[in-house]
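Spelled out, the chains give:
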Amino acid sequence: MLRYVYLILTAVSLTACVDRTISETVPTALNVGSPETVYATTTRARELDGSYGYRRGDGLKFLEMTVSVPPNHTPGTLDFSYANPDPKTQFVMASVDELQGPQDLKNRLGRVEEVSIFVHGYNTTQSETAFRAAQLSRDIGIPGATMVYSWPSQATGYGYAYDLDSMLFARDGLEQTIRQLKSMGVKRVVIVAHSMGSALTMEMMRQAELREPGWASKNIEGVILISPDLDVDLFRSQMDSIGTPPDPFVIMVSQKDKLLGISARLRGTTKGERLGNISSAEQLSEYKISILDTTAFTKDAESSHFIAATSPALLAIINSASRVGRTFGNDRRGLDVIAPAEVRNPTGATEIVLTETGQAQVTAP
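A brief structural summary. (Residues numbered from 1 in each chain as written. Predicted model: local features only at pLDDT ≥ 70, side-chain atom pairs only at ≥ 80, totals over all residues. Heavy atoms only, no water.)

This part covers the overall build of the chain. Tallying secondary structure elements over the chain gives 12 helices and 11 strands in all. Relative to its 365 residues, the chain shows a buried fraction of 53%. Counted over contacts in the chain with a minimum sequence separation of 6, partners at least 24 positions apart contribute 73%. (Helix = DSSP H or I, 4+ residues; strand = E, 2+ residues; numbered from the N terminus. Buried < 20%, exposed > 50% of the residue type's maximum accessible area, 1.4 Å probe, protein only. Contact = heavy atoms within 4.5 Å.)

Dropping the structure here:
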């Protein structure tokens, strides 16, 4: 146990010398890089300097951000600086426009029919979330508009307990975001959640479902949980409350996720498992979900806890699936390229193990 605590404290000390609250806005970066628009809703409080930090706000705020993507960007990489960023080699915040409520957001979105909401995990600043969303949008070619739901993370390695409370605090804001988008006429809302953001997503759907049965599948057209930092028994309880989850519902897992292994052991989990590093889908067999095992891509990924964003090989596969999905429209979604619908279990879980060559081994536990 002491070894795991030491690993966490080491990670904290490595970032302690960096002031992550700094995020320079450099409009001229777009003279070098190319723009990627990222919308945001946030429950972070606005600070005196205009930034949105770790404090919890009173209501939901709306933003439009423009991120400059460097000309030399390669899929799976995310290089940025908290001070004196270089637009030739780094992601740079080019503009942050604070919107005047949901109507202003609707005007900016225009006739966009699909919005993908990225929900970040623990220990994350708002700027870091925007950069990651811009990178994923660029690397995968996300259709429609890209949005982040930025909840008040303390953005420190030792802030796990604060972030856990903030995650629960932020449930209403995420639900409100989806309700606002649907009221604007957005036809497809897809949630892409990472780590603790997956727990937030599940809690949000559960609470909405208890108030309005059928809400989740009616208002959310797809859910992707990436490396979810979530207890398996808790997930089962949440799924039982939700009843009919959105379709598709994908969980991206890796048995070599080091951070989830530490998280599980600190909680005293016997098998050292969280939802994001489960070794078998058998215990989730009754739920209509797809479990995508990405363990094979750990070697070329910069982060074992975020393989979906940092493995160039996996990103190439996802990008290909996304392109085919867009080509064939709603009748053929990207997931079908990886695992055709006809081989997936129509009533329960389907386990999809991806190999480094892009081949998929599909089983129904």
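Attention now moves to the pattern of salt bridges. Considering all chains together, one arrives at 16 salt bridges under this definition. As a salt-bridge pair, Lys 182 and Glu 221 come within 3.4 Å of each other at their nearest N and O atoms. Placement of the pair is Lys 182 in helix 5 (residues 171–183) and Glu 221 in the loop between helix 7 (215–219) and strand 7 (222–226), with a sequence separation of 39 residues. Among the charged side chains, a salt-bridge network with shared partners connects Glu 64, Asp 97, Asp 104 and Arg 108. (Salt bridge = Lys/Arg side-chain N within 4 Å of Asp/Glu carboxyl O.)

Tracing the chain through its elements places Asn 219 in helix 7. Within the structure, Asn 219 has its side chain in polar contact with the backbone oxygen of Trp 215 (distance 2.9 Å). Setting aside residues no more than four positions away along its own chain, Asn 219 makes contact with Ile 178, Lys 182 and Val 189. (Polar contact = N/O pair within 3.5 Å; in protein donor to acceptor, adjacent residues only side chain to side chain.)

Our next topic: the nonpolar core. Core analysis: the largest hydrophobic core is formed by 51 residues, its most contacted members being Ile 117, Leu 181, Phe 235, Phe 249 and Ile 289. In terms of residue count, the dominant contributor to this core is helix 6 (residues 196–211) (7 residues). Excluding residues that lie within four positions of it along the chain, Phe 249 makes contacts with Met 202, Met 205, Val 223, Leu 225, Phe 235, Met 239, Lys 288, Ile 289 and Ser 290. One finds Val 67, Val 69, Ala 133 and Val 148 within the second-largest nonpolar core, a separate group that totals 36 residues. (Core = buried A, V, L, I, M, F, W, Y, C linked by side-chain atoms within 4.5 Å.)

What follows is about the pairing of strand 10 (residues 350–354). Along strand 10, 4 of the 5 residues are buried, which leaves the element largely enclosed by surrounding structure. Pairing analysis gives 4 bridges linking strand 9 (residues 290–293) to strand 10, with the strands arranged parallel. Within strand 10, the position partnered with Ser 290 by the bridge is Thr 350. (Pairing = 2+ DSSP bridges.)

Here we come to the environment of Gly 157. Considering the arrangement of structural elements, one finds Gly 157 in the loop between strand 5 (145–150) and helix 4 (160–169). C-alpha separation for the pair Gly 157 and Thr 124, spaced 33 residues apart in sequence, amounts to 9.5 Å.

Below, the discussion takes up the environment of Leu 292. Mapping Leu 292 onto the fold places it in strand 9. With 59 residues separating them along the chain, Leu 292 and Glu 351 place their C-alpha atoms 6.3 Å apart.

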